[in-house]
Amino acid sequence: MKKTVLALAALAALMGAGAAQAQSSVTLYGLMDAGLENTSNATPAKGAQTRVVSGGMNTSRWGVRGTEDLGNGLKALFQLEGGIMIDTGAQDGALFKRQANVGLEGGFGRVVMGRSFTTTYDFMLPFDPMGYAPNYSWATSANASGPSKYGMTTAFDNLIKYAGKAGDFKFGASYGMGEQAGGTADSAKLAAGVGYATGPLSFVATYEKVNGNTVAATANRDKTTAVHVGAMYSNGPLKVQAAARDFKKVAGAAATPDVRGTLYWTGVSYKTTPAMTLTGAVYYQNVKNSAANADPIMYVGRLRYAMSKRTDLYLAAAFAKAKNNQLVSLSRDDAGFSDTQRGVTAGIQHRF
């Protein structure tokens, strides 16, 4: 990993220097986030656990991006971005799991191909008060445990994505090709969204559909849909956000029940000083068609202190509870071992 990072950094520097006359730019960037977390009910024996975590407030990552001015307002662009487990130094998945794409940008908008975040992710991210924080937000995947994990697909492989603007509106769509032998619809993915902003108010709506592969016994396939709506008021130091996701999964296999649930979240952020931001949020999942509805709820509070433009300290605390003795987890990345869990994370984040 170390050799890969050094080699790409050197390549980025050489490309940036050699392309200066062509009005091109190549940037090496990243975000490093580490925290110390203590959680209850964190083991099968329901014991407490204290650990160093990678990405308490945002997922640690690094990347290379660049543009080339082609003239007449047209630019070529590319981006490569991978996740890092900063507690161990390991890669978080494939080398460029987060982004690997190339495309064009101009007066028509932006088009990229490869792997990238979905339109749903791009449009809904600003409407989560915790910013999809691994510790603690359920906006991407709701409760992390068992039958309550009803979420969105954050990125597509084999993707073509478009984003554009017109006045106060923005709009976009992503299509991930399934590329399966069974047909073009197998494993195909679609996301689309529209947003509107006027003064301190912003609104958004997105639609996502993800297909599974055809089940031979039934000639049907799994189909997952997720519809999001959100609203935000932002004025000076105050920001108020609210959103909802309606999730449905229709099973392709015989005698397999559908899955349905609606996640609601809301939160308030306030800058008490230019350096300090206080955030409070609530996430609630309404499980609609399960005999043992978990209906989990999570309460979150966070203090963020900016030591500089690139370095922040943060302290976050959360409590989650589920009904009917169902499992619940604070983090979207961890399993749950009880119907309640509380956690506290103190960390530091640096961006370059």
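Residues numbered from 1 in each chain as written. Predicted model: local features only at pLDDT ≥ 70, side-chain atom pairs only at ≥ 80, totals over all residues. Heavy atoms only, no water.

Colleague: Describe the pattern of salt bridges, listing the residues and the values that go with them.
Modeller: This structure, assessed with the given rule, holds 13 salt bridges. Where Asp-157 meets Arg-115, a salt bridge forms, and the shortest distance between an N and an O atom there is 2.6 Å. Pair noted here: Asp-157 is in strand 8 (residues 155–166) and Arg-115 is in strand 7 (residues 109–117), with a separation of 42 residues, a long-range link. The salt bridge partner of Asp-312 is Arg-351, with a shortest N-O separation of 3.3 Å. A residue pair is termed long-range when its members are at least 10 positions apart, and Asp-312 in strand 17 (residues 311–321) and Arg-351 in strand 18 (residues 340–351) qualify at 39 residues. Classification of Asp-312 as buried rests on a relative accessible area of 3%. Given a relative accessible area of 22%, Arg-351 falls into the partly exposed group. Linked by salt bridges that have partners in common, Glu-37, Arg-51 and Asp-334 make up one network. (Salt bridge = Lys/Arg side-chain N within 4 Å of Asp/Glu carboxyl O. Helix = DSSP H or I, 4+ residues; strand = E, 2+ residues; numbered from the N terminus. Buried < 20%, exposed > 50% of the residue type's maximum accessible area, 1.4 Å probe, protein only.)

Colleague: Before we move on, could you go through the environment of Glu-37 and cite the residues and values that matter?
Modeller: Secondary-structure assignment places Glu-37 in strand 1 (residues 24–39). Using a relative accessible area of 2% as the deciding quantity, one classes Glu-37 as buried. Put simply, Glu-37 and Ala-181 are 144 residues apart on the chain and 45 Å apart in space, counted from C-alpha to C-alpha. In this structure, Glu-37 is in contact with Gln-49, Thr-50, Arg-51, Val-53, Asn-135, Tyr-136, Val-344 and Thr-345, ignoring residues within four places of it in sequence. (Contact = heavy atoms within 4.5 Å.)

Colleague: Describe the side chain of Thr-140, and please don't skip the residues or the numbers.
Modeller: Take Thr-140: it is sitting in the loop between helix 2 (119–124) and strand 8. Judged by relative accessible area, which is 6%, Thr-140 ranks as buried. In contact with Thr-140, not counting residues within four places along its chain, are Tyr-132, Gly-151, Met-152, Thr-154, Arg-245 and Arg-332.

Colleague: Describe the confidence of the model for the chain, naming the residues involved and giving the relevant values.
Modeller: Caution applies to low-pLDDT parts of the model: their predicted coordinates are not meant to be read in detail. Chain-level pLDDT for the chain is 91 on average; 92% of the residues reach the 70-or-more range. In this model residues 1–7 is a low-confidence stretch, pLDDT under 50, and it forms 6 contacts with partners more than four residues away in sequence or in other chains. Ignoring residues within four places in sequence, the model shows residues 14–21, a span with pLDDT below 50, making 3 contacts including any to other chains. (pLDDT = per-residue confidence, 0-100.)

Colleague: Now, about a nonpolar patch on the surface: what can you tell me, with residues and values included?
Modeller: A grouping of Leu-278, Leu-303, Tyr-305, Met-307, Leu-313, Leu-315, Val-344 and Ile-348 is seen on the molecular surface, where their side chains present a nonpolar patch of about 650 Å² in accessible area. Of all the secondary structure elements, the ones that give two or more residues to the nonpolar patch are strand 16 (297–306), strand 17 and strand 18. Leu-303 gets classed as partly exposed once you look at its relative accessible area, which sits at 31%. (Patch = residues over 30% accessible without salt bridge, like charges linked within 9 Å, V, L, I, M, F, W, Y side chains within 5 Å. Areas by Shrake-Rupley, 256 points an atom, 1.4 Å probe, with all protein chains shown as cover.)

Colleague: An account of the nonpolar core is requested, with residue identities and associated values reported.
Modeller: One finds Met-124, Tyr-136, Trp-265, Tyr-283, Met-298 and Val-300 to be the most contacted residues of the largest nonpolar core, which totals 30 residues. Elements with a contribution of two residues or more to this core: helix 2, strand 14 (259–271), strand 15 (276–287), strand 16 and strand 17. Apart from residues lying up to four places away in sequence, Met-124 is in contact with Tyr-132, Met-152, Val-204, Thr-206, His-228, Val-229, Ala-243 and Trp-265. (Core = buried A, V, L, I, M, F, W, Y, C linked by side-chain atoms within 4.5 Å.)

Colleague: Give a detailed account of the pairing of strand 3 (residues 61–71), specifying residues and quantitative values.
Modeller: In this structure, strand 1 lies alongside strand 3, joined through 8 bridges in antiparallel fashion. When the bridges of strand 3 are listed, Leu-28 appears paired with Val-64. As paired strands, strand 3 and strand 4 (residues 74–85) are joined by 10 bridges and run antiparallel to one another. Among the inter-strand pairings, Gly-63 is bridged to a residue of strand 4, identified as Glu-81. The antiparallel hairpin formed by strand 3 and strand 4 contains 2 residues in its connecting segment, where Asn-72 sits at a positive phi of about 55°. (Pairing = 2+ DSSP bridges.)

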